[in-house]
Structures are given as structure tokens and as C-alpha cells.
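So you can see what is in the structure, the chains are spelled out below.
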Amino acid sequence: MYAAVRRYDGVTDPTEAARRVNDGFVPLLRQVPGFVAYYWVDAGDGVMVSTSVFEDQAGAEESIRRAADFVRDNLTSLLPNPPQVTAGQVVATG
């Protein structure tokens, strides 16, 4: 399995960002082959973190591309700063 984690700082409206992600982005991710799970976390203080989990590296990389497109097209006013992106193979699970 592979995961992609994106950290967004400076989120202007976490509630609206969560609504748009849930209504618009999650359905897009579910279409990516190998989709396993997705989590959108409000970490407080204008920080939100997403975690996408896929069966393979190609799915994780596709999620990064789709996230960038979705943010550009739907969330620029709410997520004004580029995310910190970390991706890699899942080496332990619980």
C-alpha cells in the first residue's frame, strides 16, 4: 500500500473546506484504481491534513495530481498556501 499526506496551512474556513472536500473531492478519489481510504483532518489553528491510501504507488501519485487540480479549481480562497506533500510506501499498519 501507498499513502499520500498533504498538510495545508493558513486554511481560512475549515468547515467550508471540509464540506467541499467531502462533497467534491472524495467522489473523485474513489474513482482512482486501487483506492483504499481517505481522511481529512482539522488539526486546528488553520491547519488541515489529508491522507489518501491506495493499493499501489500509481494510485497515490494520481491522488496528488487530483488534489492539486481540485484545490486550484475549488479551494484557492480557503486553502491559500501550497500544501506540504509527503508520499511513500506504507510499511506498518495497525
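Structure: see above.
## Remarks on unusual backbone geometry
And step 1. The phi dihedral of Asp45 falls on the positive side, at around 55 degrees, and the residue is not glycine.
And step 2. Examined against the element boundaries, Asp45 turns out to sit in the loop between strand S2 (35-44) and strand S3 (47-54).
And step 3. Taking the relative accessible area as the measure of exposure, Asp45 reaches 83% and is therefore exposed.

## Quick notes on the pairing of S2
Along any regular strand, the residues point their side chains to alternate faces of the sheet.
And step 1. The sheet contact formed by S2 and S3 spans eight bridges and is antiparallel. Paired with Ala37 across the two strands is Val53, which belongs to S3.
And step 2. Here S2 folds back onto S3 in antiparallel fashion, the turn holding two residues, of which Asp45 has a positive phi close to 55 degrees.

Rules behind the numbers
Residues numbered from 1 in each chain as written. Predicted model: local features only at pLDDT ≥ 70, side-chain atom pairs only at ≥ 80, totals over all residues. Heavy atoms only, no water. Helix = DSSP H or I, 4+ residues; strand = E, 2+ residues; numbered from the N terminus. Buried < 20%, exposed > 50% of the residue type's maximum accessible area, 1.4 Å probe, protein only. Pairing = 2+ DSSP bridges.

Note that every value here comes from positions in space, so none of it alone points to a role or purpose.
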